[in-house]
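Residues per chain, in single letters:
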Amino acid sequence: MTAEHDQPGETRAFGFETRQLHAGQRPDPNTGARAVPIFQTASYVFEDPESAAAYFNLQEYGNTYSRIMNPTVAAFEERVANLEAGVGAVAFASGIAAQAAALFTLLEPGDHVVSSSALYGGTVNQLKHLLRKLSVELTWVDPDDLDAWRGAVQANTKAFFGETIGNPAGKVLDIEALAVAAHDHDLPLIVDNTFATPYLCRPIEWGADIVIHSATKFIGGHGTSIGGVVVESGTFDWSNGRFPVIADPSPAYHGLQFHETFGTYGYLMKLRAETLRDLGGTLSPFNAFLFLQGVETLSLRMERHVENARVVAEFLEAHELASNVTHPGLPASRYRPLVAKYLPGGAGAVFSFDCAGGREGGQSLIRNVKLWSHVANVGDAKSLIIHPASTTHRQLGDAELEAAGVSPGTIRLSVGIESVEDLIWDLEQGLARTR
Amino acid sequence: MIDLARYHDPLTIQRLLHRARTIAIVGLSANELRPSNFVGFYLQRHGYRVIPVNPRETEILGEVSHPSLSDVPERVDIVNVFRAPAALPAIAEEAVAIGAGALWCQFGVINEEGARIAEEGGLEIVMDRCLKVEHARYIGRMHWLGFNTQQITSVRGGLQ
């Protein structure tokens with residue numbers, strides 16, 4: 001294995017649309033395959049014992065076992081890392097698995113996390129119940145209240161957590177201000193960027209340290225696959241004294257000091273070589289292939305998603321049977337300044353509104369729509385509708401529902417890329433039947 | 001403030017990786033868990049001749065360890081530095097004196113005076129970058145681990 005001697009490459013800064021098609025893939029040297037091949041294999045033949053040892057010691061980049069790494073999955077990971085302006089990424093079997101692994105890598109029993117209260121219900125469950133099982137404390141804060149974030153920091157705090165656009169209430173996170181607050185306390189800011197996608201917002205460019213996605217949503221867009229991904233900036237100083245779990249010699253990896261040894265790549269190496277190794281939750285090569293097909297058209301889909309969402313939100317705002325439309329791009333929204341700063345290309349395509357008639361009104365609308373799909377998902381190219389109080393946020397008490405911005409009549413929409421007049425026609429006739 | 005971007009030029013980095021044969025590693029550790037040992041081991045696997053420079057050792061990675069750069073009896077293409085930033089000016093002077101081709105300082109090994117000495121001595125300089133990472137980015141297999149190599153190409157590559 002000798003150094004190759006090709007001519008040095010170009011140094012052009014390629015555009016987003018180019019990178020969503022090309023980043024992470026070099027045409028396969030063996031076959032020339034233009035598409036990313038599906039490497040549907042559990043294991044890899046080693047050249048010799050020395051090479052195998054070098055791979056397991058992390059002294060050389062080499063494939064060992066598909067629970068930890070796979071060339072198809074790696075192409076997807078690099079593509080998302082590139083689009084998010086991160087230093088790298090690790091993919092997982094779901095967004096929830098990605099989130100758990102991102103937290104596992106930096107937390108120990110007795111630690112503490114400060115989190116926005118306006119989150120996806122599944123994330124609330126994970127943070128509230130799973131972290132407690134692991135003896136990690138949690139403080140919920142109103143994401144709009146910067147003083148609350150700062151005031152919640154304790155000696156054992158290890159991270160700030162929030163969503164770029166909160167699910168489902170559409171609260172927009174002030175990422176730059178929160179990153180400054182987190183860094184003032186030597187803490188990383190973790191941002192779930194699922195609703196914005198890297199096309200609309202790149203939290204790392206505003207100072208976030210770790211970005212999480214449910215790839216199931218807009219990144220895939222087709223609604224065929226469950227998956228998630230963790231991206232890291234590579235700029236957080238994990239050796240600042242607060243994170244011995246990353247900086248000190250690791251008993252789980254024969255004394256390796258991940259941050260010192262891998263520098264910029266230390267957190268991600270630990271996330272892969274220890275957390276993914278030990279928790280599993282690996283993304284399958286086939287699902288990674290499907291996500292790669294989706295992400296190739298991310299910018300085109302997002303342009304249509306945000307435009308359709310704007311039109312639907314304006315329709316609802318003018319409708320007598322709808323109120324409290326939370327689309328943060330509407331002129332009346334308190335989040336307009338944050339949208340202008342962080343989401344100039346559009347304020348996403350997921351928002352909620354309250355149906356007249358409360359719980360019954362909401363359920364009646366769900367029963368009567370014909371084109372919107374009644375599903376527990378968002379970010380599909382098809383338009384989706386759900387009643388959170390009966391479904392995604394069902395495990396939450398009234399106070400938690402309120403903190404998450406959900407009332408009994410709240411309907412959550414994920415606006416797809418159909419002909420927008422058809423989407424409005426369906427809501428119009430559905431709302432008319434709730435009278 | 002030192003302008004590090006000057007020392008991160010992708011074309012310089014790739015030219016050095018492709019042309020270098022002999023790399024002297026100043027501060028190479030015999031401890032297999034140290035970052036310098038990771039880098040030396042990796043470079044050997046990829047066909048470079050690695051010359052250890054460490055006065056506390058006699059042999060590292062199967063090669064004779066020399067007390068200082070001035071004691072290295074052969075031509076050095078890259079002087080790769082794993083020392084405290086304050087040690088850099090003296091190392092740069094030695095690198096100039098032995099006629100080395102380039103000075104490559106690892107993550108955090110940043111010293112303006114050292115850079116100036118090497119530059120005035122006619123050496124190419126890379127600073128605050130890892131030789132292993134840059135090799136893996138342009139020539140090696142960094143893309144197998146989901147790292148952002150920032151490489152965009154539709155050209156069919158060589159076998160790895």
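Residues numbered from 1 in each chain as written. Chains lettered and ligands numbered in written order. Predicted model: local features only at pLDDT ≥ 70, side-chain atom pairs only at ≥ 80, totals over all residues.

Looking at the overall build of chain B
The condition that has to hold: Helix and strand definitions follow DSSP, with helices as H or I runs of at least four residues and strands as E runs of at least two, each counted in order from the N terminus. Throughout, radius of gyration means the C-alpha value; the globule benchmark is 2.2 Å times the number of residues raised to the power 0.38. Comment: burial labels come from other C-beta atoms within 10 Å of the residue's own C-beta, placed from the backbone, where a count of 20 or more is buried, 12 or fewer is exposed, and between is partly exposed.
Secondary structure assignment for chain B yields five helices and seven strands. Of the regular secondary structure in chain B, the N- to C-terminal order runs α-β-α-β-β-β-β-α-β-α-β-α. For a compact globule of 160 residues, the expected C-alpha radius of gyration is about 15 Å, and chain B comes in at 15 Å, within 12% of that figure. Expressed along its principal axes, the backbone C-alpha trace of chain B runs to roughly 45 × 40 × 25 Å. Here chain B, with 160 residues, has 49% of them falling under the buried criterion.

Brief notes about the overall build of chain A
Looking only at helices and strands, one finds 17 helices and twelve strands in chain A. Against the compact-globule benchmark of 22 Å for 435 residues, chain A has a radius of gyration of 22 Å, which places it among compact chains. When its C-alpha atoms are laid out on the principal axes, chain A stretches across 75 × 50 × 35 Å. Looking at chain A as a whole, 53% of its 435 residues qualify as buried.

Some words on the confidence of the model for chain A
Applicable threshold: Confidence of the predictor in every single residue is expressed as pLDDT, which spans 0 to 100. A pair of residues counts as a contact when their C-beta atoms, built from backbone coordinates, are within 7 Å of each other.
A residue-level look at chain A finds 98% of positions with pLDDT of 70 or above and a mean pLDDT of 94. Confidence over residues 1-7 of chain A falls short of pLDDT 50; this stretch has 14 contacts with residues more than four positions distant or in other chains.

A closer look at the interface of chain A and chain B
A common way to express how large an interface is: the accessible area buried when the components associate. Stated precisely, the cut-off is as follows: In this count, Pro and Cys sit with the nonpolar residues alongside Ala, Val, Leu, Ile, Met, Phe, Trp and Tyr, while Asp, Glu, Lys and Arg are called charged and the others, Gly among them, polar.
Contact with chain A, which involves 44 residues of that partner, is made by 39 residues of chain B. Residue assignment for the side of chain A that touches chain B shows that the elements contributing at least two residues are α1 (16-22), α3 (71-83), β1 (88-92) and α10 (258-262) of chain A. Looking at the side of chain A that touches chain B element by element, the count peaks at six residues for α3(A). Looking at the side of chain A that touches chain B, its residues break down into 18 nonpolar, 17 polar and nine charged.

Quick word on helix α7 (residues 175-184) of chain A
Structurally, the α-helix is built with 3.6 residues per turn, so residues lying three or four positions apart point the same way. Residue and element names in this part refer to chain A. The condition that has to hold: It is the directions from the helix axis to the C-beta atoms that the arc portrays.
Along α7, the residues classified as buried are I175, L178, A179, A181 and A182. Along the axis of α7, the buried positions cluster into a sector of 165 degrees, meaning they face one direction only. Looking at the buried residues of α7, the elements they touch are α6 (146-151), β4 (157-163), β5 (189-192) and α14 (336-342).

Details of the sheet that holds strand β3 (residues 137-141) of chain A
Residue and element names in this part refer to chain A. Heads up, the condition is: Strand pairing is assigned whenever DSSP identifies at least 2 bridges connecting the two strands. Angles shown run from 0 to 180 degrees and are taken between the N-to-C directions of axes, each axis being a line fitted to C-alpha atoms and, for helices, limited to the stretch in contact.
Ordered in space as β1-β7-β6-β5-β4-β2-β3, the seven strands form an open sheet in which the pairing is mixed. On the outer flanks of this sheet lie β1 and β3, each paired with one strand and no other. For this sheet, the mean angle separating the axes of adjacent strands, direction not counted, is 20 degrees. Examined bridge by bridge, β5 and strand β6 (residues 210-214) share three bridges and lie parallel to one another. Note on β6: the bridge partner recorded for V191 is V211. Of the strands in this sheet, β1 and β7 (228-232) touch helix α11 (residues 266-279), which is tilted by about 25 degrees from β1.

Some remarks on the sheet that holds strand β9 (residues 350-355) of chain A
Taken in spatial order, the five strands line up as β8-β9-β12-β11-β10 (chain A) in an open sheet, and their pairing is mixed. Of all the strands in the sheet, just β8 (322-323) and β10 (373-374) of chain A have a single pairing partner and so form its edges.

Thoughts on unusual backbone geometry
Glycine aside, residues mostly have negative phi, and peptide bonds are mostly found in the trans state. Of note, A:H254 is a non-glycine position whose phi angle comes to about 35 degrees, a positive value. Using a count of 11 C-beta atoms within 10 Å as the deciding quantity, one classes A:H254 as exposed. One non-glycine residue, B:Q150, adopts positive backbone phi at about 60 degrees. Relative to the assigned elements, B:Q150 resides in the segment after α5 (131-138). Since 17 C-beta atoms lie within 10 Å of it, B:Q150 is described here as partly exposed.

Points about the domain arrangement of chain A
Residues and elements named next belong to chain A. For clarity, the cut-off: The domain limits used here are those given by an automatic or database domain assignment.
On domain assignment, one finds that chain A holds domain 1 (41-293) and domain 2 (298-432). The centre of domain 1, based on its C-alpha atoms, is set 28 Å off from the matching centre of domain 2. Taken residue by residue, the interface counts 29 residues in domain 1 and 35 residues in domain 2. At the level of secondary structure, the elements contributing two or more residues to the side of domain 1 that touches domain 2 comprise α5 (121-133) and α8 (197-200). When the residues that make up the side of domain 1 that touches domain 2 are grouped by side-chain class, the tally is 17 nonpolar, nine polar and three charged.

With respect to the pairing of β6(A)
All names here are of chain A. In terms of residue burial, β6 counts as a mostly covered element, since five of its five residues are buried. Every second residue of β6 is oriented toward a common face, with I210, I212 and S214 on one face and V211 and H213 on the other, all of them buried. Bridge count between β6 and β7: five bridges; the pairing is antiparallel. Each bridged residue has a counterpart across the sheet, and for S214 the counterpart in β7 is G228.

What about the environment of A:D147?
Structurally, the position occupied by A:D147 is in helix α6. Residues A:D147 and A:A181, 34 residues apart in the sequence, show an inter-C-alpha distance of 9.2 Å.

Structural notes on the environment of A:V406
Residue and element names in this part refer to chain A. The residue V406 is located in the loop between α16 (398-403) and β12 (410-414) in this model. Counting along the chain gives 185 residues from V406 to G221, while the straight-line C-alpha distance between them is 25 Å. In contact with V406, other than residues within four places in its own chain, are P168, P388, A389, H393 and L401.

Brief notes about the nonpolar core
Note the threshold: Think of a nonpolar core as buried Ala, Val, Leu, Ile, Met, Phe, Trp, Tyr and Cys residues, each tied to the set through C-beta atoms within 7 Å.
Judged by nonpolar contacts, the single largest core of 178 residues is most densely connected at A:A101, A:F160, A:V230, B:A24, B:V79, B:V81 and B:L103. It is helix α4 (residues 95-106) of chain A that contributes the most residues to this core, nine residues altogether. For this core, the two domains that each supply at least three residues are domain 1 (41-293) and domain 2 (298-432) of chain A. If near-sequence neighbours (up to four positions away) are discounted, B:V81 is found in contact with B:V26, B:G27, B:L88, B:I91, B:L103, B:W104, B:C105, B:Q106 and B:V109.

Concerning the packing of helix α3 (residues 88-97) of chain B against helix α4 (residues 112-120) of chain B
All names here are of chain B. Definition in use: The cut-offs work like this: below 35 degrees is roughly parallel, past 145 is roughly antiparallel, 65 to 115 is roughly perpendicular, and the gaps in between are oblique.
Two elements in contact, α3 and α4, have axes separated by 8 Å at closest approach and are oriented at 10 degrees. The orientation of α3 relative to α4 falls into the category roughly parallel. Here α3 contributes L88, P89, I91, A92, E93, A95 and V96 to the contact with α4, which in turn contributes E113, G114, I117 and A118. In terms of residue class, the contact of α3 with α4 is built from eight nonpolar, one polar and two charged.

A few points about the pairing of β7(A)
Note on strand geometry: in a regular strand, side chains alternate between the two faces of the sheet. Burial of β7(A) is extensive: five of the five residues sit out of reach of the surface. Neither face of β7(A) is exposed, since A:G228, A:V230 and A:E232 on one face and A:V229 and A:V231 on the opposite face are all buried.

Observations regarding the environment of B:R116
The residue B:R116 is located in helix α4 in this model. Between the C-alpha atom of B:R116 and that of B:A92, which follows or precedes it by 24 residues, the distance is 8.8 Å.

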